[in-house]
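Breakdown of the fold
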Amino acid sequence: MKYHFMVLGSETRQIYLAELLQEAGHEVMVSEEYLPGYHDAVLLPVPQTAKYLQENLPKLQKGQVIYGCNFPQPLMKQCMEKEIRCIDYMKQEGAASRNAIATAEGAIAEALKSSCVSIHGSRTLVVGYGRCGEVLAEKLTALKAHVTVLDRKEEKRARAEAYGCHAIGFDEAEDIMCGYDLIFNTVPALVLDDRMLSSVKRDVTIIDIASKPGGVDFEYCRNRSIDANLCLGLPGKYAPKSSAKILLEVIRKTIMGD
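Residues numbered from 1 in each chain as written. Predicted model: local features only at pLDDT ≥ 70, side-chain atom pairs only at ≥ 80, totals over all residues. Heavy atoms only, no water.

**Some details on the overall build of the protein chain**
A tally of regular secondary structure across the protein chain gives eleven helices and eleven strands. Taken over C-alpha atoms, the radius of gyration comes to 20 Å for the protein chain, in line with the 18 Å a tight globule of 258 residues would show. Counting only C-alpha atoms and orienting by the principal axes, one finds that the protein chain spans roughly 60 × 35 × 35 Å. Every one of the 258 residues in the protein chain was classed for burial, and the buried ones make up 51%. The long-range share in the protein chain, meaning contacts at least 24 apart out of those at least 6 apart in sequence, stands at 55%. Total accessible area on the protein chain stands at roughly 12500 Å², and carbon and sulfur atoms take up 48% of it. (Helix = DSSP H or I, 4+ residues; strand = E, 2+ residues; numbered from the N terminus. Rg over C-alpha atoms; globule rule 2.2 N^0.38 Å. Buried < 20%, exposed > 50% of the residue type's maximum accessible area, 1.4 Å probe, protein only. Contact = heavy atoms within 4.5 Å. Areas by Shrake-Rupley, 256 points an atom, 1.4 Å probe, with all protein chains shown as cover.)

**Quick word on the layout of surface pockets**
Gaps left between atoms show up when a probe the size of a water molecule is rolled over them. Looking at the largest pocket, its volume works out to about 1100 Å³. Lining the largest pocket are 41 residues, with N70, C132, I209, A210 and S211 sitting closest to its centre. Taken together, the residues of the lining of the largest pocket sort by class into 20 nonpolar, eleven polar and ten charged. (1 Å grid on protein atoms, 1.4 Å probe; cavity = no way out; pocket = protein on both sides within 12 Å on 5 of 7 lines; lining within 4 Å. Points joined across faces, edges and corners; volume = space filled by probe spheres on them. Nonpolar A, V, L, I, M, F, W, Y, C, P; charged D, E, K, R; others polar.)

**Some details on the pairing of strand β5 (residues 85-88)**
Both strand β4 (residues 65-68) and β5 contribute to a ladder of four bridges, which runs parallel. Counted as the bridge partner of I66 is C86 from β5. Handedness of the crossover joining β4 and β5 through helix α3 (residues 73-81) is recorded here as right-handed. (Pairing = 2+ DSSP bridges. Right-handed = clockwise from strand over helix to strand, strands pointing away.)

**A look at the sheet that holds strand β6 (residues 123-127)**
In space, the six strands of this open sheet follow the order β8-β7-β6-β9-β10-β11, with parallel pairing throughout. Strand pairing shows two members of the sheet lacking a second neighbour, β8 (166-168) and β11 (227-230), which therefore form its edges. For this sheet, the mean inter-axis angle between neighbouring strands, taken without regard to orientation, is 20°. (Axes fitted to C-alpha atoms, helices over the stretch in contact; angles between N-to-C directions.)

**Some points on the pattern of salt bridges**
Applying the stated criterion across every chain yields a total of nine salt bridges. The closest approach of N and O atoms between R13 and E11, which form a salt bridge, is 3.2 Å. Using a relative accessible area of 2% as the deciding quantity, one classes R13 as buried. (Salt bridge = Lys/Arg side-chain N within 4 Å of Asp/Glu carboxyl O.)

**Regarding the nonpolar core**
Grouped burial of nonpolar side chains is what soluble globular proteins tend to show. Counting residues in hydrophobic clusters, the biggest one holds 26 residues, and the most contacted among them are F5, L17, L43, Y67, Y89, I251 and I255. Among the elements of the structure, β1 (4-8), α1 (12-23), β3 (41-43), β4, α4 (95-114) and α11 (240-256) are those that each provide at least two residues to this core. In terms of residue count, α11 provides more of this core than any other element does, seven residues in total. I108, V135, A137 and C231 belong to the second-largest nonpolar core, a separate cluster that totals 24 residues. (Core = buried A, V, L, I, M, F, W, Y, C linked by side-chain atoms within 4.5 Å.)

**Thoughts on the packing of aromatic side chains**
Aromatic rings considered in pairs are described by the distance between their centres and by the relative angle of their planes. Under the definition given, this model contains two aromatic pairs. The residue whose ring lies beneath K51 is Y52, and the NZ or CZ to ring-centre distance is 4.6 Å. The ring centre of F170 lies 4.1 Å from the NZ or CZ of R152, which sits over that ring. (Phe/Tyr/Trp six-rings, centres within 6.5 Å; stacked < 30°, edge-to-face > 60°. Lys NZ or Arg CZ within 6 Å of the ring centre and 35° of its normal.)

**Concerning the side chain of H4**
Topologically, H4 is positioned in strand β1. Judged by relative accessible area, which is 14%, H4 ranks as buried. A polar contact of 3.0 Å, which involves the side chain of H4, links it to the side chain of H39. If we ignore the near neighbours within four places in the chain, the residues touching H4 are E27, M29, Y38, H39, D40 and A41. (Polar contact = N/O pair within 3.5 Å; in protein donor to acceptor, adjacent residues only side chain to side chain.)

Right, here's the structure in full:
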């Protein structure tokens, strides 16, 4: 069955996704804003789902399927009232795990660009040992970094240690923050506040890959010239074609029935 897709945004991942859909025999339109006509599905850019949905919601039509990531609840409610179905790519089976690999690789690339030290031999802290944190810690360990995992849950710390990392709780972290060359945050809540950051190295590099607004007190970092970076949309930036294939698989399963 042939479908008509409206692909919004000029992100490279979106362009690859449009090409993959065209190769599969579907009709595809690519634009920065919703164009007139009927479209079975509208594909929003992953890191800017809220922005594009807010801008284009009045034009969307009953019965359409909208794809994106981290849909704001108020906008989802409006979609439901218009009988529009919202599908979060990363809530579909397997997609988030595969996306975590590209995210971790992108986070390491960002660290290499920003830091004054190499990964090999660095003292590195990974905050949060969820899906992204686990993959990131594994890849950093493979690059011979000395990796410490910071997580509230004892079972996650135990798993991190089983995979060769040192692991600590937040009650232990404050006194040893001065020991890290690189800090990666994966927790989407303010965990690296002024208290936690007060003793970090002058030349530390912080890479925050959590959902906006992240988990770092960026104002505190700016005021003290700490190199802290909120890095969103890393799969689309560093592995756009591979990332587009992940999104395509979700579309196939949810609208095409493959």
